[in-house]
Amino acid sequence: MKTVFVAGHKGMVGSAIVRHLEKLGGYRVLTRSRNELDLLNQADVNRFFEENNIDQVYLAAAKVGGIVANNTYPAEFIYQNLTIQNNIIHSAHLNDVQDLLFLGSSCIYPKLAQQPMREDSLLTGTLEETNEPYAIAKIAGIKMCESYNRQYGRNYRSVMPTNLYGENDNFHPQNSHVIPALLRRFHEAKLNGDSKVVAWGSGKPMREFLHVDDMAEASIYVMNFDQDTYQENTQAMLSHINVGTGLDCTIRELVETVSRVVGFEGEIEFDSNKPDGTPRKLMDVSRLKDLGWEAKTSLEDGLTMTYQWFLDNQGSYRG
């Protein structure tokens, strides 16, 4: 039975990975809360690895947040993320953990990357200014994994998810991302009997969304994929893999789907005076498809499951 450490098990992705590992069976899953293990403390992290005979690590722990948080706390975003991943990756190596999966973000790609974004667009242009410190940390994590692979023969892999949503998401009214924010807004409008919900922007930008259960499944798939075939489909210094659906939708289509899932019967108005942001963000997932994995959850099904989770857990959704 393999002993697997999931760092960041209380977050949306980490908790989904734990659920899927437990469902598969055959794993001894280790988790530690922030009170039990301070991932910012190098000595504590190394001691934890020394005391546990760990076979695999899923590095899903990170300081995350939206545009406001990234703009307000850039120092914390770069310091904490660099420190967490440095401590875990290096301690894993020192304690002879051969297999590790680092979870990154699509924000590693240049602001004006060609769409859909391919893995080889990394480091070819300027990053989006609002989350550059976070993106720099994630890029460093990819390169750290690749460097340990080159120098020490480790099997440290990286996956870059598109926009994620699902169970254990953050539904805070100010700090949440687009899907939980919309679900909460339409839910409250429905409860209040509002006749109209106003959405920001024109509704024309296109975005890709992946349900977190698919992300967890893809992560486990990539972690355990045959090493020789994996190396044939990647490069030593370009080894990360995009994870997404390969499909996008307009923000208007997303808003209308959320409205339908929630059961809001009022009017939807788009405020075109508000900013739209980047016209399109879509991941090229052909590398992952070549390895034999594709997303299974449709957007409407995923939104329905997420809304039901929100209804069932309104006392514990970090908002």
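See the structure shown above.
Calculation rules
Residues numbered from 1 in each chain as written. Predicted model: local features only at pLDDT ≥ 70, side-chain atom pairs only at ≥ 80, totals over all residues. Heavy atoms only, no water. Pairing = 2+ DSSP bridges. Helix = DSSP H or I, 4+ residues; strand = E, 2+ residues; numbered from the N terminus. Right-handed = clockwise from strand over helix to strand, strands pointing away. Core = buried A, V, L, I, M, F, W, Y, C linked by side-chain atoms within 4.5 Å. Buried < 20%, exposed > 50% of the residue type's maximum accessible area, 1.4 Å probe, protein only. Contact = heavy atoms within 4.5 Å. Arc of directions from axis to C-beta. Polar contact = N/O pair within 3.5 Å; in protein donor to acceptor, adjacent residues only side chain to side chain. Axes fitted to C-alpha atoms, helices over the stretch in contact; angles between N-to-C directions. Parallel < 35°, antiparallel > 145°, perpendicular 65-115°, else oblique. Left-handed = near helix turned anticlockwise from the far one by under 90°. Nonpolar A, V, L, I, M, F, W, Y, C, P; charged D, E, K, R; others polar. Phe/Tyr/Trp six-rings, centres within 6.5 Å; stacked < 30°, edge-to-face > 60°. Lys NZ or Arg CZ within 6 Å of the ring centre and 35° of its normal. 1 Å grid on protein atoms, 1.4 Å probe; cavity = no way out; pocket = protein on both sides within 12 Å on 5 of 7 lines; lining within 4 Å. Points joined across faces, edges and corners; volume = space filled by probe spheres on them.

Draft legend 1. Looking closely at the pairing of strand 2 (residues 27-30). Sheet topology places strand 1 (residues 2-7) next to strand 2; 4 bridges connect them, and they run parallel. Looking at strand 2, one finds that K2 is bridged to Y27. Handedness of the crossover is the feature at issue here: the chain leaves strand 1, passes through helix 1 (residues 12-24), returns alongside strand 2, and the resulting connection is right-handed.

Draft legend 2. Representation of the nonpolar core within the structure. With 38 residues, the main nonpolar core has F5, F49, I88 and L100 as its most contacted residues. Per-element tally for this core: the top contributor is helix 5 (residues 132-152), with 7 residues. Dropping the residues within four chain positions of it, L100 is found in contact with V57, I88, I89, A92, C145, N155, Y156, R157 and M223. With 28 residues, the next largest nonpolar core counts M215, I241, L288 and L291 among its residues.

Draft legend 3. Structural detail: helix 2 (residues 42-51). Burial in helix 2 covers these residues: V45, N46, F48 and F49. Along helix 2, the residues classed as buried sweep out an arc of 155° about the axis, all on the same side. In helix 2, the exposed positions that point more than 90 degrees away from the buried face belong to E50 and E51. The secondary structure elements touched by the buried residues of helix 2 are strand 1, strand 2, strand 3 (56-59) and helix 4 (74-94). In this structure N41 caps helix 2, since a side-chain oxygen of it lies 3.1 Å from the backbone nitrogen of A43.

Draft legend 4. Region of interest: the sheet that holds strand 3. Strands sit in the order 2-1-3-4-5-10 across an open sheet of 6 strands; the sheet is parallel. Each having just a single partner strand, strand 2 and strand 10 (241-243) make up the two edges of the open sheet. Ignoring strand direction, the axes of neighbouring strands in this sheet form an average angle of 20°. Across 4 bridges, strand 3 lies against strand 4 (residues 99-103) in parallel orientation. Following the sheet pairing, Y58 is matched in strand 4 by L101. Helix 4 rests against strand 1, strand 3, strand 4 and strand 5 (155-161) of the sheet, and its axis sits at about 170° to strand 3. Sitting on the sheet, helix 5 is in contact with strand 4 and strand 5, with an inclination near 155° to strand 5.

Draft legend 5. Spatial organisation of the environment of E129. Relative to the helices and strands, E129 resides in the loop between strand 4 and helix 5. Along the chain, E129 and M1 lie 128 residues apart, while their C-alpha atoms are 44 Å from each other. Engagement of the side chain of E129 in a polar contact is seen with the side chain of K111, the distance being 3.2 Å.

Draft legend 6. Representation of the sheet that holds strand 8 (residues 206-207) in the model. Read across the open sheet, the 3 strands follow the order 11-8-13; overall the sheet is mixed. The open sheet is flanked by strand 11 (249-250) and strand 13 (280-281), the only strands paired with a single partner. As paired elements, strand 8 and strand 13 share 2 bridges and run parallel to each other. The partner of R207 across the bridge, within strand 13, is K281.

Draft legend 7. Molecular detail of the packing of helix 4 against helix 5. Packing of helix 4 against helix 5 brings their axes to within 8 Å, and their N-to-C directions diverge by 15°. The angle between the axes of helix 4 and helix 5 places the two elements in the roughly parallel class. The crossing of helix 4 and helix 5 is right-handed. Contacts between helix 4 and helix 5 pair P74, F77, I78, N81, L82, Q85, N86, I89, H90 and H93 from the former with P133, Y134, I136, A137, K138, A140, G141, M144, C145, Y148 and Y152 from the latter. Class assignment of the residues belonging to the contact of helix 4 with helix 5 gives a composition of 14 nonpolar, 6 polar and 1 charged.

Draft legend 8. Geometry of the packing of aromatic side chains. Under the counting rule described, the total for this entry stands at 11 aromatic pairs. Ring centres of Y148 and Y152 lie 5.7 Å apart, and the angle between their planes is 40°; this geometry places the pair in the tilted category. Placement of the pair is Y148 and Y152 together in helix 5, with a separation of 4 residues, close to one helical turn. Directly above the ring of Y230 sits R157, whose terminal nitrogen or CZ lies 3.9 Å from the centroid. Stacked on the ring of W200, the Lys or Arg K274 has its end atom at 5.4 Å from the ring centre.

Draft legend 9. Representation of the layout of surface pockets. If you add up the space inside the second largest pocket, you get close to 310 Å³. Around the second largest pocket, the lining comprises 21 residues; the ones closest to its centre are F209, T245, G246, L247 and T297. Secondary-structure elements contributing two or more residues to the lining of the second largest pocket are strand 9 (209-211) and helix 10 (286-290). It is strand 9 that contributes the most residues to the lining of the second largest pocket, 3 residues altogether.

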